[in-house]
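# Structure assessment
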Amino acid sequence: MKAQPAAITLPSARSLWLWGRAAIWAMLIAGLIITFAVARLGSWSVAIGLPGVLLAILAAIWLFRHPTLNLFVVLVGFVVVANNEAGFQLREIVYALYLYSVLALWYLDRIVVRREPFLRTRTDQALLLFLVLLPCTMMLTVLFNGRLVGAISELFSLSLLALYFPIKELAARYRWAPRALVLIVVSVGVLVALRNFFEYQQMLGRVTQAWQIETGRVVTNDNLLMASSLFAFVLVVYAKGWRSFIGAVACFFLCFGGLILTQSRGYWMAFALGAAALFFLADHRRRGRILLYSGAGLVTMIAIGYLMVGAYMDILVGGLVERILSIGTATTADLSLVNRFREAATVMELVKANPILGYGMGVPYYFYDIAHQLTDFDALVHNGYVGLWYKFGIWGLGIVLFFWGSTLWRGIAAFRAPSSAHWTRLCGLAAAVTLVGFVLSTVTSNPFFLKDSLFTFSVAAGLAGGAHLRSQRDRLEASTRAV
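Overview of the structure. (Residues numbered from 1 in each chain as written. Predicted model: local features only at pLDDT ≥ 70, side-chain atom pairs only at ≥ 80, totals over all residues. Heavy atoms only, no water.)

## Focus on the nonpolar core
By size, the foremost hydrophobic cluster in this structure holds 105 residues, and its most contacted members are Leu163, Tyr238, Phe271, Leu278 and Leu463. Within the second largest apolar cluster, ten residues are counted, among which are Val347, Tyr359, Phe367 and Val386. (Core = buried A, V, L, I, M, F, W, Y, C linked by side-chain atoms within 4.5 Å. Buried < 20%, exposed > 50% of the residue type's maximum accessible area, 1.4 Å probe, protein only.)

Right, here's the structure in full:
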């Protein structure tokens, strides 16, 4: 006997009348507001912006009914605020409100509504302890006459570490999530690289001398480009099928090309260290691919460069080669790098005087800058390890290093788990080699100060932790099927 199709319930006449009247009143009120705005302010931009704001509010209401999609929008939307401009931009304020609303609702949902435990490991407990103690360090800021505005800015940046828990839970909960999250990281890198290429092209249009081409660089989001390059490289090495391979290669060229244009030797070396970790973790067959693809990729990128910038390529390659060769002597000949080493030594003297508690966020220190020949008074410490110790004492440094090392190990464990799904293994591997890359770059570029580096670090840690949990679920499901 065939089942009868479900009857379609149509809205009643009264319901249509009520909704229609509400829509007419809404359009009338919106029209009056727009008319008043134009008459009062004399600007059509405000009038045009009001419907946009209303649409944005409606879109936000719809998104907050879909938490998973909400998190994806937060991750991809970071591109809008990733360029570290001075001061507070309107789009940064809007994004911050959206981001912290998403995080607040996620934590409220887990703690109050569902009452689901999200502290599954000592790694989770360590990070939560650090996040809880962060506001308490504001007392140290006041005690040591720090800048409250700077401390609040650092507090908001460090709070991005709270992204770890939602990302980890999403990657662990759904089988399709590791693949989606890895592709999102690569996509964000591609968008950032395209923006940097556009800025570099504009810069080439303004040059008047050859040295400007040699030294020209777009330094924005070098850490994000390093991470996305490593993610894309993992996809290239482990691609299944020609379509996946071609897509991964295209993404890698864009992300790595953007990383090259930053001329950031620290993140070049970080990428090299991450790629070396990938080579070490891969099997013999994949190691051969890494060597082959590296050589072929270098030749291809040079050829593409000649097609895109033509006569400028010789000068650009010369500048890049000189920059690469200077890595060997940078610790003694590069004034900027030597300056950062002297800065770290100066801060370590302060750390020795207060190694346990630290000085808190936003507390500046005096340092003679040999690059600019002046005494600097700033709270930024370029060495991330020394910076953590200076601000949070040995307890803060120890917690962050434990969290960092344990998430790295979990990513490697997820990759090496034989029962894990293909994308779970790739998620763990890509996150792990990225965290390895940060080990080196943190010596000269503090990832715990700027929002883009903290965003990248948090996402990588979340993916490593989530891939590990997902691999445990895959193993449990495999053993259940075997029984």
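## Details of the side chain of Thr456
Topologically, Thr456 is positioned in helix α20 (residues 451–482). Reaching out from Thr456, the side chain makes a polar contact with the backbone oxygen of Asp452 at a distance of 2.8 Å. When residues no more than four places from it in sequence are discounted, the contact partners of Thr456 are Asn223, Leu224, Ala227 and Phe438. (Helix = DSSP H or I, 4+ residues; strand = E, 2+ residues; numbered from the N terminus. Polar contact = N/O pair within 3.5 Å; in protein donor to acceptor, adjacent residues only side chain to side chain. Contact = heavy atoms within 4.5 Å.)

## Re a nonpolar patch on the surface
On the surface, Met269, Leu273, Phe341, Val439, Leu440 and Val443 cluster together into a nonpolar patch covering about 400 Å² of accessible area. Looking at the nonpolar patch, the elements that each hand over two or more residues are α13 (265–281) and α19 (422–441). You can see Leu440 is positioned in helix α19. You can call Leu440 partly exposed: its relative accessible area is 33%. (Patch = residues over 30% accessible without salt bridge, like charges linked within 9 Å, V, L, I, M, F, W, Y side chains within 5 Å. Areas by Shrake-Rupley, 256 points an atom, 1.4 Å probe, with all protein chains shown as cover. Salt bridge = Lys/Arg side-chain N within 4 Å of Asp/Glu carboxyl O.)

## Section: helix α18 (residues 384–416)
Look at α18: only 30 Å from first C-alpha to last across 33 residues, short of the 48 Å you get at 1.5 Å a residue. At Phe392, α18 shows its strongest bend, of approximately 130°. The N-terminus of α18 is capped by Asn383, whose side-chain oxygen sits 3.0 Å from the backbone nitrogen of Tyr385. (Expected span 1.5 Å × (residues − 1). Bend = angle between axes of the 7 residues up to and from the residue.)

## Observations regarding the side chain of Asp124
Turning to its location among the elements, Asp124 is positioned in helix α5 (residues 122–133). With residues up to four places along the chain from it excluded, the contact list for Asp124 reads Phe118, Leu119, Tyr164, Phe165 and Lys168.

## Considerations on the packing of aromatic side chains
For the structure on display, the rule yields 34 aromatic pairs. Between Phe130 and Phe392, the ring centres sit 5.4 Å apart and the planes meet at 80°, which makes this aromatic pair edge-to-face. Pair noted here: Phe130 is in helix α5 and Phe392 is in helix α18, with a separation of 262 residues, a long-range link. The two residues Phe130 and Phe392 agree in class, both being buried. Aromatic pair Phe392 and Trp395: ring centres 6.2 Å apart, planes at 70°, arrangement edge-to-face. On the criterion of helical spacing, the pair formed by Phe392 and Trp395 is a turn pair, its members being three residues apart in helix α18. Assessed through its relative accessible area of 1%, Phe392 is described here as buried. The rings of Trp106, Tyr107, Phe118, Tyr164, Phe165, Tyr385, Phe403, Trp404, Phe438, Phe448 and Phe457 are connected pair by pair, giving a single aromatic cluster. Of note, Arg287 hangs over the ring of Phe279, and the distance from its end group to the ring centre comes to 5.5 Å. (Phe/Tyr/Trp six-rings, centres within 6.5 Å; stacked < 30°, edge-to-face > 60°. Lys NZ or Arg CZ within 6 Å of the ring centre and 35° of its normal.)

## A few points about the packing of helix α4 (residues 90–113) against helix α8 (residues 164–173)
Contact pair α4 / α8: the axes reach a minimum separation of 10 Å and the direction vectors enclose 60°. For the element pair α4 / α8, the angle class is oblique. Residues Leu103, Trp106, Tyr107 and Arg110 of α4 lie in contact with α8, whose contacting residues are Phe165, Pro166, Glu169 and Arg173. Looking at side-chain class alone, the contact of α4 with α8 contains five nonpolar, no polar and three charged residues. (Axes fitted to C-alpha atoms, helices over the stretch in contact; angles between N-to-C directions. Parallel < 35°, antiparallel > 145°, perpendicular 65-115°, else oblique. Nonpolar A, V, L, I, M, F, W, Y, C, P; charged D, E, K, R; others polar.)

## Structural notes on the environment of Leu374
In this structure, Leu374 sits in strand β2 (residues 374–378). Of the residues examined, Leu374 reaches a relative accessible area of 42% and is grouped as partly exposed. Each residue touching Leu374, except ones within four places of it in the same chain, is listed here: Phe367, Tyr368 and Asp369.

## Section: the pairing of β2
Relative to β2, strand β1 (residues 365–369) runs antiparallel, the two sharing five bridges. Its bridge partner lying in β2, Tyr365 is registered against Asp378. A loop of four residues connects β1 with β2, the two strands running antiparallel in sequence, and Gln373 in this loop sits at a positive phi of about 55°. (Pairing = 2+ DSSP bridges.)

## Quick look at the pattern of salt bridges
One pass over the structure, following the stated rule, counts seven salt bridges. Arg120 serves as the salt-bridge partner of Glu169, at 3.0 Å between the closest nitrogen and oxygen. One end of the pair, Glu169, is in helix α8; the other, Arg120, is in the loop between α4 and α5, with 49 residues separating them in the sequence. What makes Glu169 buried here is its relative accessible area of 4%. You can call Arg120 partly exposed: its relative accessible area is 39%. Residues Lys168 and Asp124 are paired through a salt bridge, measuring 2.6 Å at the closest nitrogen-oxygen approach. Taken as a pair, Lys168 in helix α8 and Asp124 in helix α5 lie far apart in primary sequence, 44 residues in all.

## Some points on helix α7 (residues 148–158)
Residues of α7 that are buried include every one of Ala151, Glu154, Ser157 and Leu158, and no others. Axial view of α7: buried residues confined to an arc of 120°, hence all on one face. (Arc of directions from axis to C-beta.)

## Thoughts on the environment of Tyr98
Residue position: Tyr98 is located in helix α4. The spatial distance from the C-alpha of Tyr98 to the C-alpha of Val74 is 7.8 Å, given a sequence separation of 24 residues.

## Some words on the packing of helix α11 (residues 222–237) against helix α12 (residues 242–261)
Put simply, α11 and α12 touch, their axes get as near as 8 Å, and they point 155° apart. Between α11 and α12, the interaxial angle falls into the category roughly antiparallel. Considering only the axes of α11 and α12, their crossing is left-handed. The segment α11 lies against α12, with Asp222, Leu225, Met226, Ser228, Ser229, Ala232, Phe233, Leu235 and Val236 engaging Phe245, Ala248, Val249, Cys251, Phe252, Cys255, Phe256, Gly258 and Leu259. When grouped by side-chain class, the residues that make up the contact of α11 with α12 number 14 nonpolar, three polar and one charged. (Left-handed = near helix turned anticlockwise from the far one by under 90°.)

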